[in-house]
Amino acid sequence: MKVTLKDGSSKEYSQAMSVIDIAKDISEGLARVACVAELDGRVVDLRTVVDGEHELNILTFDSDEGKAAYRHTASHVLAQAVKRLYPEAKCAIGPSIEDGFYYDFDMPSLDREALDGIEKEMKKIVKEGASLERFTLPRAEAIRLMQEREEPYKVELIEDLPEDAEISFYQQGDFIDLCAGPHLMSTKPLKAMKLISSSGAYWRGSEKNKMLTRVYGTAFTKKADLDAHLEHLEDIKKRDHNKLGRELELFTTVDVIGQGLPLIMPKGEIIIRTMQRWIEDEEEKRGYMRTKTPLMAKSDLYRISGHWDHYKEGMFVLGDEEKEREVLALRPMTCPFQYYVYKASQKSYRDLPCRYGETSTLFRNEDSGEMHGLTRVRQFTISEGHLIVRPDQMVKEFKDCIALAQYCLKTLGVEEDVTYHLSKWDPADQEKYIGEPEVWEETEESIRQILKELDIPFVEDVGEAAFYGPKVDINARNVYGKEDTMITIQWDALLAEQFDMYYIDENGEKTRPYIIHRTSMGCYERTLAWLIEKYAGAFPTWLAPEQVRVLPISEKYLDYAKRVEDELKENGIRCMVDERSEKIGYKIREARLKKVPYMIVVGQKEEEEQVISLRSRFRGDEGQMELKSFIENISSEIRRKEIRKVEVEN
């Protein structure tokens with residue numbers, strides 16, 4: 001038997017051996033920290049017996065596969081602890097995830113005290129050091145075993161498998177779980193574990209099924225790493241836009257209004273309005289013509305575009321087709337509307353490109369389980385645009401759309417936080433798309449070359465294209481690690497045909513244009529959520545809903561404070577006076593909590609000398625200065641959309 005290791009060296013043995021024995025032969029130290037192995041590209045248990053010639057790579061916790069096996073084993077320990085403490089609980093599923101693991105149980109909800117009790121029991125189980133033994137059963141016997149153990153969710157999972165499937169289980173002590181693995185050899189290596197939280201989760205992710213109790217946890221090989229992770233989670237809580245956005249009075253939600261329908265409050269509206277005016281002005285500088293189109297249309301429009309066949313489930317439909325009444329739908333996109341703006345007059349090749357922009361309110365019937373704060377909602381507003389171009393203009397205009405997106409990202413200070421994706425069609429699922437394979441291959445290759453020419457690193461995602469064309473998706477992760485698309489730029493060589501769009505070329509012939517669907521900054525609500533988390537609510541001054549707070553030391557100086565406020569407002573600076581009869585230290589702390597960039601303190605000396613005392617979150621106490629100088633400085637900062645760094649601890 002011969003194995004070739006990752007470094008190219010090889011080991012030969014006279015008989016078959018388990019992976020763990022091979023690891024021991026290489027190094028006792030390696031065997032102690034090994035979690036799983038990669039055998040000919042497949043991740044396997046250390047208990048796997050190797051025979052013949054193979055490529056072998058021993059994996060530790062430092063690898064993604066090692067972490068997954070380590071944490072998956074911790075999830076089994078969690079399930080065993082729950083079954084010991086709550087024998088009536090029914091086990092559902094318990095996978096490892098990016099930063100830890102979870103397990104779903106059919107049982108009452110759990111509070112922090114209960115989680116602490118389960119965690120204590122988990123430590124006992126680890127101390128027992130039971131080995132994990134893998135065994136398999138035919139499908140019928142596997143079902144019988146889970147029925148005997150009264151685990152209905154496991155029975156359901158097995159019943160979904162083929163009749164001739166061989167089902168694998170892992171056993172540790174008195175606990176047996178249906179599982180494909182791989183796992184650690186025993187519970188002994190589990191060192192630093194923590195149960196993070198408990199929440200509700202529908203069985204198999206469907207709201208039609210029963211709500212289960214999901215317990216989240218994480219595990220590391222070192223306590224220091226666990227402590228660092230827990231500290232990171234605390235920072236996440238502080239930045240979570242769902243929590244912070246409400247505390248800062250930027251948005252709220254109300255049950256009687258509906259899920260996914262947030263109310264943007266005055267301060268949040270200021271931020272969105274500031275971004276919207278900036279984007280609209282910038283697009284006009286770049287040759288965009290603005291349109292304003294209806295929020296709904298007859299189903300006929302969506303039948304022409306293909307949305308009725310490919311996207312109807314995601315739309316809000318008004319009316320009843322069966323009763324032969326006029327059926328309308330709230331728009332999930334603006335493109336077909338702007339096509340008819342284009343078609344309203346005949347276009348020559350000299351008229352192209354036509355760049356249409358619109359601040360569009362859209363509606364999408366998201367599943368209730370998918371909605372979250374401002375990142376996934378049912379009504380939202382985007383900086384939408386459609387460019388109708390000649391084929392020879394397509395590459396340049398597509399590059400210009402990427403440049404506009406990058407300008408927006410840089411101005412918002414988030415250009416380093418995104419990844420670029422070439423979202424392609426899935427040839428194995430052609431019913432999802434329109435157009436011939438050769439069109440898809442050609443357009444995908446065009447985008448690929450553009451990204452390479454622009455020296456933009458990107459990944460390719462199969463099956464993520466729009467039904468009418470491939471696209472560049474610019475994605476970002478929220479504080480919890482979930483990736484969302486912030487900006488999209490789509491290449492469309494197909495819909496002009498369906499809408500009979502054309503221009504008169506230089507030879508007097510009717511010619512089909514190409515279309516670019518794009519957002520310059522994306523969805524305003526989602527971007528607001530992103531910025532809340534990016535800046536922990538401390539927005540750059542140009543975006544801050546309140547840019548300056550004027551703080552009189554006592555009521556005697558209120559008149560002077562109001563004169564300062566009036567002058568600031570005359571210069572377009574968003575400000576207010578804190579008129580409360582509170583001590584100045586309290587007022588300063590309150591302004592800090594509300595993330596106000598600048599505080600102006602006024603008292604007797606300031607009024608007598610007609611100056612201000614300035615405090616900022618950037619440099620702390622900046623001393624006295626003339627109000628005129630401050631207005632010049634802050635106006636320049638706002639105009640230039642500067643993103644200032646904090647220089648001192650306030």
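One numbering rule holds for all chains: residues counted from 1, following each sequence as written. pLDDT decides what is reported in this predicted model: residues at 70 or higher carry local features, side-chain atom pairs at 80 or more are listed and counted, and totals for whole chains, interfaces and linings draw on all residues regardless. As a rule here, side-chain values come from all non-hydrogen atoms in the structure, and water together with hydrogens is ignored.

Overview of the overall build of the protein chain
Strands here are runs of E lasting at least two residues and helices are runs of H or I lasting at least four, both read from the DSSP assignment and numbered beginning at the N terminus. Counting its regular elements, the protein chain contains 20 helices and 35 strands. A principal-axis box enclosing the C-alpha atoms of the protein chain has dimensions of 85 × 75 × 60 Å. Whether a residue is buried, partly exposed or exposed follows from its accessible area with a 1.4 Å probe, protein chains only, as a fraction of its type maximum: under 20%, in between, or over 50%, in that order. Out of the 650 residues belonging to the protein chain, those deemed buried represent 51%.

Section: helix α9 (residues 266-285)
Take the number of residues in a helix, subtract one, and multiply by 1.5 Å to get its expected span. With 20 residues, α9 should cover 28 Å at 1.5 Å per step; its first-to-last C-alpha distance of 29 Å lies within 8% of that length. Of the residues one or two after α9, G287 is the one with positive phi, at around 90°.

A closer look at the side chain of T381
Considering the arrangement of structural elements, one finds T381 in strand β23 (residues 379-389). Within 3.5 Å is the distance limit for a polar contact, defined as a pair of N or O atoms, with the added protein rule that one can donate a hydrogen and the other accept it, and that residues adjacent in sequence qualify only through two side-chain atoms. At 3.3 Å, the side chain of T381 forms a polar contact with the side chain of T361. Any two residues having at least one pair of non-hydrogen atoms within 4.5 Å are treated as being in contact. Residue contacts for T381: discarding those within four places in its chain leaves T359, S360, T361, G522, C523, Y524 and E525.

Quick look at the sheet that holds strand β7 (residues 53-60)
Pairing between strands is defined by DSSP: at least two bridges between them are needed. Strand order in the open sheet formed by five strands is β2-β1-β7-β4-β5, and the pairing between neighbours is mixed. The open sheet is flanked by β2 (10-12) and β5 (42-44), the only strands paired with a single partner. Put simply, the sheet's adjacent strands are angled 30° from each other on average, direction ignored. Axes here mean lines fitted to C-alpha atoms, for a helix over just the part in contact, with angles spanning 0 to 180 degrees between N-to-C directions. In this fold helix α1 (residues 19-26) packs onto β1 (2-4), β2, β4 (34-39), β5 and β7, with an angle of close to 75° to the strand it touches most, β7. Along the sheet, helix α3 (residues 64-85) contacts β4, β5 and β7; its crossing angle with β4, the most-contacted strand, is approximately 125°.

Points about unusual backbone geometry
Here the amide bond leading from G181 into P182 is cis, since omega sits at 0°, within 30 degrees of zero. Summarising the element assignment, P182 is placed in the loop between β13 (175-178) and β14 (192-202). Cis geometry is found at the peptide bond from L352 to P353, where omega equals 5°. One can find P353 in the loop between α12 (335-343) and β22 (354-363). Even without being a glycine, Q610 presents a positive backbone phi close to 55°. By the secondary structure assignment, Q610 is in the loop between α19 (604-609) and β34 (612-616).

Focus: a nonpolar patch on the surface
Taken together, V256, I257 and L263 make up a surface patch of nonpolar side chains, about 280 Å² in accessible area. Mapped onto the elements, V256 comes out in the loop between β16 (251-252) and β17 (263-264). Residues form patches when they are more than 30% accessible in relative terms and have no salt bridge. Like charges link within 9 Å. Nonpolar side chains (Val, Leu, Ile, Met, Phe, Trp, Tyr) link within 5 Å. Computed with the Shrake-Rupley method and a 1.4 Å probe, the accessible areas treat only the protein chains shown as cover for residues. By convention in these notes, a salt bridge is any Lys or Arg side-chain nitrogen within 4 Å of a carboxyl oxygen on Asp or Glu.

A short note on the sheet that holds strand β20 (residues 317-318)
Strand order in the open sheet made by the three strands is β19-β21-β20, with antiparallel pairing throughout. Looking along the sheet, the strands with just one partner apiece sit at the ends: β19 (296-298) and β20. In this sheet, strand β21 (residues 328-330) lies alongside β19 in antiparallel orientation, the contact comprising three bridges. Bridging from a neighbouring strand, A297 pairs with A329 of β21.

Overview of the packing of aromatic side chains
Two aromatic rings from Phe, Tyr or Trp, using only the six-membered ring of Trp, form a pair when their centres are within 6.5 Å; if the ring planes differ by under 30 degrees the pair is stacked, by over 60 it is edge-to-face, and anything between is tilted. All told, the structure shown has 18 aromatic pairs when counted by the stated rule. Ring centres 5.3 Å apart and planes at 10° place the aromatic pair W425 and W440 in the stacked group. Of the two residues, W425 is situated in the loop between β24 (418-424) and α14 (437-453) and W440 in helix α14; the sequence distance between them amounts to 15 residues. We note that W425, like W440, is buried. Within the aromatic cluster, the residues linked to one another by ring pairs are F61, Y70 and F220. Here R214 stacks its cationic end above the ring of Y102, 3.8 Å away from the centre of that ring. A cation over a ring is seen here: K347 above Y342, with NZ or CZ 4.8 Å from the ring centre. Criterion for a charge above a ring: Arg CZ or Lys NZ at most 6 Å from the ring centre, at most 35 degrees from the ring normal.

Some points on the pairing of strand β35 (residues 620-625)
Inspection of the sheet shows β34 paired to β35 by five bridges, in the antiparallel sense. From the neighbouring strand, S616 faces β35, where its bridge partner is G620.

A few points about the environment of L494
Among the secondary structure elements, L494 is positioned in the loop between β27 (483-492) and α15 (495-498). Distance from L494 to A92, taken between C-alpha atoms, is 45 Å for residues 402 residues apart in sequence. Apart from the residues within four sequence positions on either side, L494 is in contact with I434, G435, V439, W440 and Y468.

Description of helix α18 (residues 584-593)
When we look at burial in α18, the residues that qualify are K587, I588 and A591. Down the axis, α18 shows its buried residues gathered within 100° of arc, on one side only. Looking one or two places after α18, you find K595, whose phi comes out positive at around 65°. Comment: arc refers to directions from the helix axis out to C-beta atoms.

Here's the deal with the pattern of salt bridges
Counted by the stated rule, this structure contains 51 salt bridges. Two residues, R331 and E358, come together in a salt bridge whose shortest N-O distance is 3.5 Å. Remark: E358 occurs in strand β22 and R331 occurs in the loop between β21 and α12; sequence separation between them is 27 residues. Of the two residues, R331 and E358, both sit in the buried class. One salt-bridge network, held together by shared partners, links R84, E121, K124 and E128.

Thoughts on the state of the cysteines
To count as a disulfide, a pair of cysteine sulfur atoms needs to be within 2.5 Å. On inspection of all chains with the given rule, the structure shows zero disulfides. C91 forms no disulfide, and the closest cysteine sulfur to it belongs to C179, at a distance of 12 Å. Classification of C91 by relative accessible area gives buried; the value is 1%. Unpaired in terms of disulfides, C523 finds its nearest cysteine sulfur in C408, a separation of 14 Å.

Digging into empty space enclosed by the protein
We place a 1 Å grid over just the protein atoms. Points where a 1.4 Å probe fits but has no way out form a cavity, open points with protein on both sides within 12 Å along at least 5 of 7 lines form a pocket, and any residue with an atom within 4 Å of a point lines it. Grid points are joined across faces, edges and corners, and a volume is the space filled by probe spheres set on the points. All chains considered together, the criterion is met by three cavities of 30 Å³ or more. Estimated volume of the largest cavity: approximately 120 Å³. What lines the largest cavity is L248, L250, K267, G537, F539, A544, P545, E546, K594, K595 and V596. Ten residue types, Ala, Val, Leu, Ile, Met, Phe, Trp, Tyr, Cys and Pro, are classed as nonpolar, four, Asp, Glu, Lys and Arg, as charged, and the remainder, Gly among them, as polar. Looking at side-chain class alone, the lining of the largest cavity contains six nonpolar, one polar and four charged residues. If you add up the space inside the second largest cavity, you get close to 60 Å³.

With respect to the side chain of K347
With respect to the helices, strands and loops of the structure, K347 is situated in the loop between α12 and β22. When charges are tallied, Lys and Arg are placed among the positive residues and Asp and Glu among the negative ones, while His and the ends of the chain are skipped. Of the side chains with opposite charge, D351 lies nearest to the buried K347, which makes no salt bridge, at 6.5 Å. A polar contact of 2.6 Å, which involves the side chain of K347, links it to the backbone oxygen of Y342. If sequence neighbours within four positions are ignored, K347 has contacts with V341, Y342, L352, C354, Y356, Y503 and I504.

These figures come from the coordinates and say nothing about function on their own.
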